[in-house]
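Single-letter residue listing:
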Amino acid sequence: MSETKLSFRALQLANQQRTAYGLRYNDFTRYRKHCANRTHRLRSTLKMTHGKGREFKKLPPLSTDNIKDGHLELLLFESERAWAYSQDLVTQSLQPANEDQAGTLRIALQGASAVQYTEGLIQITIYTLILNGRFLRYRDNFEDAVIQLSVARHLLDELADRAATSRDQALATVFADEIGPEIRYCAHELGRERAYDVDAIAAELSEKHRGEIAGGGGAGTGEGRKKLATLMWEGQPVPVRNPELVDVLLQVQEAEAKITQSREPAWAEGASNKGRTSKSGGHGSKKGVAAYDAILLALSDAEEVARKLVEAQQNSGSSSTSAAGTRDIHFVYAYIVYQLLSRRIQRDLLLVSALLTSHRPQASAKPNKEHVDARLYPAVVKLLDTVIQGLAQMRNLSIVDESPDLASAVEARLTFTKARRCSYLAQCYVAVKKYAEALSLIQHATIYLRETRSTLSIFSEDPISAGSPAYYPLTSSDLDVLESTITQDGLTIKNEWFAYNGGSINADNKTYKKPLFFDIALNYVQLDMDRLQERAGKAPAPPLVPVQAVPAKSRLEEVARPKTPEPQAPARGGLSSLLEGWWGRK
C-alpha cells in the first residue's frame, strides 16, 4: 500500500476563509453561504455527487490510496457551515422578535458535531476541541467545556512556541486569544476564585485531561527560529497576533535589511554643511533614495492591514481579545503608522540632501555673491512641507502622546524644520526682489529656532537620536549652524534691499531717490569729489577752456552813436518869473 502525503492545515484554512468571507465583520450569513458554495464545488471536483435526478448512487469508500486534501477540506467546510449557521441562529435568538425560535439552535449544534474525524493531526485536533468546547458551553455544560477549551489552549500555546515561521505563531496566537474569554466565562460560572487567570486554568486542566482527549501528541516538530524579529517599543515587545499582519511585517523586515546594508545616512547635512552648499559627495545619490521605495511600500501595506483590523474590531463592537494589560491592535496600528511616517521623513531629508548636493552654487562676477538654480529652493521648500506634515501627524499619534520625552523630541524637530523652511523660502522671495517678505520670514525662522532650543533643554536624552533607526538626528551644533546661516542671510538681504531701492517697501527701483540725509550733510560737510574719485582710481580729466569766437560785423549792422543833448533855456529871475508861475507859464 503506497503512502499518500497530505498537506492539510485546518487552522490556517479556517482563519483564511473566515477573514476573507465575512467573519471579520461578524457576518455569519455570508460565511455560511460561502461554505455551502465551497462544499458544492468540492463535491463536484472530487466526484462525490450522489447521481442525477431520483437515482441514488452510492459513493465508493475512501481508502488511504485515493484520499486527497479535498476530502479533508470538504469535511472542514461542512463543519464550518454548521458552526456558522449555529452562530447565526444565536444572533437571531437574541432578538426580541425571535425568542420563540431559540430552540432551533440545538439542531445546528448537533449538526456541527460531525467534525470528530481526524484526531491524529494536531491542528485538526485543536479545531475539534474548540468547536466541541463552544457547543458544550452553549448547552451550559461548563465543566466539560472548560476542559475541552483548556486543552485546546495549551496545545495552541505549544504550537506557538514551536512554530517554524512567524505566520504559524501568529495563527496559533489568534485562536488562543479567541478562546481565552470563553475559558474565563466557564470558570466564572463554575465558581472558581481566580477565574481571570486563564493561563493557570489552562495549564492545570490540560495536565490532567490532555492524555485522554488529545492522545498526548506533540504540538509540533518545528524547532526553527522565527523569521520575524521581535518588535520593540520603549523596551517592551510589540505583540503581532494576526497572520496577515505577520506577512506584511516580514516584507518590512526584509526591506529594512536591504537598507541597512546599502544605506547612506539620512541626515547628510552635518554641522559643517547646513548652509546653502552641501559638501557631501555620494550620500544623496539616487540609489540611496530609491532604497526607501520598498520599505515604504511594505509599511503602507502593513498600515492598510492594521487599519482594516481596527475597523473590523470597532464595527463588530467587541473589545480586544488579548489579555488585560497587554498591547492591543490599536497600539500595533499606531506603531506601524509611526514607523511609516519616520521612514517618509527620512526619505524626504535624504532628497533634500541630494538636491543641495547636485545643485552646487556658482560664483558670480560680484564678490561674495553666488548663483543657484531658481528651481532649487522651491523644491526644497516643498520637501520640507512634506516633512512638517509628517511630523504633525506623528505628534498626534497616541503612542507619541503617551511618552512626554518623545512628544517633546517630535515637537523640537517640527519647529526646527519650520525654521529651515522659512530660511529657504526667504531665498525664494529674494530671487524675485521681495525683500520685505524675505526679512519677515527670517524673523519667523529666528523665533522657531528659539522655540527649538527651549524644547531641547527639557529632556536630557533625545529618544529619536538614541533610537533605532535615528531617522532625524538633531544636536545643538545643528542649531548653531542654522542660527549663523539665518543671521548671515538676514544681513545679506538687508544690504541687497538697501542697494536695490534704498529699503523702500515698493519693489520698483525706478522711483528711487537719493535719501534726504545726503542733502542735509552736504550743507555742513565739504565733499571733495575729486579726491574720492582719485582714491577710487577714477581721476577726473583736466577741464577744457572754451575758445570764444569773435563774430564778424555785418555791413548793414547799425552803429550805436551817443545822443545829442538838447539846448537848455536861460534861467529868469525876479518878479516876472514869479508871476508867470502863478498863471501856469514856464
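Residues numbered from 1 in each chain as written. Predicted model: local features only at pLDDT ≥ 70, side-chain atom pairs only at ≥ 80, totals over all residues. Heavy atoms only, no water.

S.K.: I'm lost on the overall build of the protein in this one. Help?
M.R.: Helices and strands together make up the secondary structure of the protein, namely 19 helices and 4 strands. Looking at the protein residue by residue over its 586 residues, the buried ones come to 41%. (Helix = DSSP H or I, 4+ residues; strand = E, 2+ residues; numbered from the N terminus. Buried < 20%, exposed > 50% of the residue type's maximum accessible area, 1.4 Å probe, protein only.)

S.K.: I would appreciate a short explanation of the packing of helix 1 (residues 10–20) against helix 2 (residues 28–46) in the present structure.
M.R.: Any two packed helices are characterised by how steeply their axes cross, that is the angle between the axes, and by the distance between the axes. Across the interface, helix 1 lies against helix 2 with an axial gap of 9 Å and an inter-helix angle of 125°. By the angle between their axes, helix 1 is oblique relative to helix 2. At the point where helix 1 passes helix 2, the crossing takes the right-handed sense. Residue-level inspection shows Ala14, Gln17, Arg18 and Ala20 of helix 1 in contact with helix 2, the latter providing Arg30, Tyr31, His34 and Arg38. Tallied by class, residues from the contact of helix 1 with helix 2 come to 3 nonpolar, 2 polar and 3 charged. (Axes fitted to C-alpha atoms, helices over the stretch in contact; angles between N-to-C directions. Parallel < 35°, antiparallel > 145°, perpendicular 65-115°, else oblique. Left-handed = near helix turned anticlockwise from the far one by under 90°. Contact = heavy atoms within 4.5 Å. Nonpolar A, V, L, I, M, F, W, Y, C, P; charged D, E, K, R; others polar.)

S.K.: In this structure, what is going on with a nonpolar patch on the surface? I would like to understand it.
M.R.: Taken together, Leu527, Met529 and Leu532 make up a surface patch of nonpolar side chains, about 260 Å² in accessible area. The topology assignment puts Leu532 in helix 18 (residues 529–535). Overall, the relative accessible area of 43% leaves Leu532 in the partly exposed class. (Patch = residues over 30% accessible without salt bridge, like charges linked within 9 Å, V, L, I, M, F, W, Y side chains within 5 Å. Areas by Shrake-Rupley, 256 points an atom, 1.4 Å probe, with all protein chains shown as cover. Salt bridge = Lys/Arg side-chain N within 4 Å of Asp/Glu carboxyl O.)

S.K.: Before we go on, may I ask you to explain helix 7 (residues 166–189) in this structure?
M.R.: Because an α-helix completes one turn every 3.6 residues, residues spaced three or four positions apart along the sequence face the same direction. With 24 residues, helix 7 should cover 34 Å at 1.5 Å per step; its first-to-last C-alpha distance of 35 Å lies within 8% of that length. In helix 7, a bend of some 25° at Ile179 exceeds every other bend along the element, and Pro181, a proline, comes one to four places later. Of all the 24 residues making up helix 7, 17 are buried; the element is thus mostly covered by neighbouring parts of the structure. Downstream of helix 7 by one or two residues, Gly191 has phi in the positive range, about 85°. (Expected span 1.5 Å × (residues − 1). Bend = angle between axes of the 7 residues up to and from the residue.)

S.K.: When you look at helix 5 (residues 122–138) in this model, what are you seeing that I'm missing?
M.R.: In this model helix 5 runs 25 Å from its N-terminal to its C-terminal C-alpha over 17 residues, within 8% of the 24 Å that 1.5 Å per residue would give. When you tally the buried positions in helix 5, you get 15 out of 17 residues, the bulk of the element. Directly beyond the C-terminal end of helix 5, a positive phi value near 65° is found at Asp140.

S.K.: Explain the packing of aromatic side chains to me, please; I cannot follow it from the model alone.
M.R.: To describe a pair of aromatic rings, you give the distance between the ring centres and the angle between the ring planes. With the rule as written, the count across this model stands at 5 aromatic pairs. Ring geometry for Trp233 and Tyr338: centres 5.1 Å apart, planes at 80°, overall edge-to-face. Of the two residues, Trp233 sits in strand 1 (residues 232–233) while Tyr338 sits in helix 11 (residues 329–358), which places them 105 residues apart along the sequence. By relative accessible area, Trp233 is classed as buried at 8%. Here Tyr338 falls in the buried class, since its relative accessible area comes to 6%. Taken together, Trp233, Tyr335, Tyr338 and Tyr471 form an aromatic cluster joined through their ring pairs. Sitting above the plane of the Tyr472 ring, Arg413 keeps its charged end 5.9 Å from the centroid. (Phe/Tyr/Trp six-rings, centres within 6.5 Å; stacked < 30°, edge-to-face > 60°. Lys NZ or Arg CZ within 6 Å of the ring centre and 35° of its normal.)

S.K.: Can you help me understand the nonpolar core in this one?
M.R.: Core analysis: the largest hydrophobic core is formed by 74 residues, its most contacted members being Leu245, Tyr338, Ile399 and Val400. Those elements that provide at least two residues to this core are helix 9 (243–262), helix 10 (286–316), helix 11, helix 12 (376–395), helix 13 (398–401), helix 14 (404–431), helix 15 (435–456) and helix 16 (476–501). A total of 14 residues in this core trace back to one element, the largest contributor, which is helix 14. Once you skip the residues sitting within four places of it in the chain, Tyr338 turns out to touch Trp233, Met394, Leu397, Ile399, Val400, Leu406, Ile464 and Tyr471. Core analysis: the second largest hydrophobic core is formed by 45 residues, Leu129, Leu159, Ala172 and Ile183 among them. (Core = buried A, V, L, I, M, F, W, Y, C linked by side-chain atoms within 4.5 Å.)

S.K.: What am I meant to see in the confidence of the model for the protein here?
M.R.: Close reading of the predicted structure is inappropriate where its pLDDT is low. Averaged over all residues, the pLDDT of the protein equals 74, while 69% of them reach at least 70. For residues 104–120, every residue scores under 50 in pLDDT, and the model assigns this stretch 36 contacts once sequence neighbours within four places are set aside. Within the model, pLDDT remains below 50 along residues 216–226, and this stretch shows 23 contacts once partners closer than five positions in the same chain are excluded. (pLDDT = per-residue confidence, 0-100.)

S.K.: Help me out: how do you make sense of the environment of Ser408 in this one?
M.R.: Its location among the elements puts Ser408 in helix 14. Owing to a relative accessible area of 16%, Ser408 belongs among the buried residues under this scheme. Remark: the alpha-carbon pair of Ser408 and Leu456, spanning 48 residues in sequence, is separated by 7.5 Å. Beyond its immediate chain neighbours, meaning those up to four positions away, Ser408 contacts Thr455 and Phe459.

S.K.: What's the story with the side chain of Arg137 in this structure? I'm lost.
M.R.: Inspection of the secondary structure puts Arg137 in helix 5. Once residues within four sequence positions are removed from consideration, Arg137 is found in contact with Phe142, Ala145, Glu182, Tyr185 and Cys186.

S.K.: Explain the packing of helix 5 against helix 7 to me, please; I cannot follow it from the model alone.
M.R.: Between helix 5 and helix 7, the least distance of the axes is 11 Å, while the angle of their chain directions is 30°. The angle between helix 5 and helix 7 places the two elements in the roughly parallel class. Between helix 5 and helix 7 lies a crossing whose hand is left-handed. Contacts from Ile130, Arg134 and Arg137 of helix 5 reach helix 7 at Phe175, Glu178, Ile179, Glu182, Tyr185 and Cys186. Classifying every residue of the contact of helix 5 with helix 7 gives 5 nonpolar, no polar and 4 charged.

S.K.: Where do I start with unusual backbone geometry in this structure?
M.R.: Most peptide bonds adopt trans geometry, and most residues besides glycine take a negative phi value. Backbone geometry places Glu234, a non-glycine residue, at a positive phi of 55°. In this structure, Lys433 takes a positive phi of about 65° despite not being glycine. For Lys433, the position within the fold is in the loop between helix 14 and helix 15. With relative accessibility at 39%, the residue Lys433 sits in the partly exposed group.

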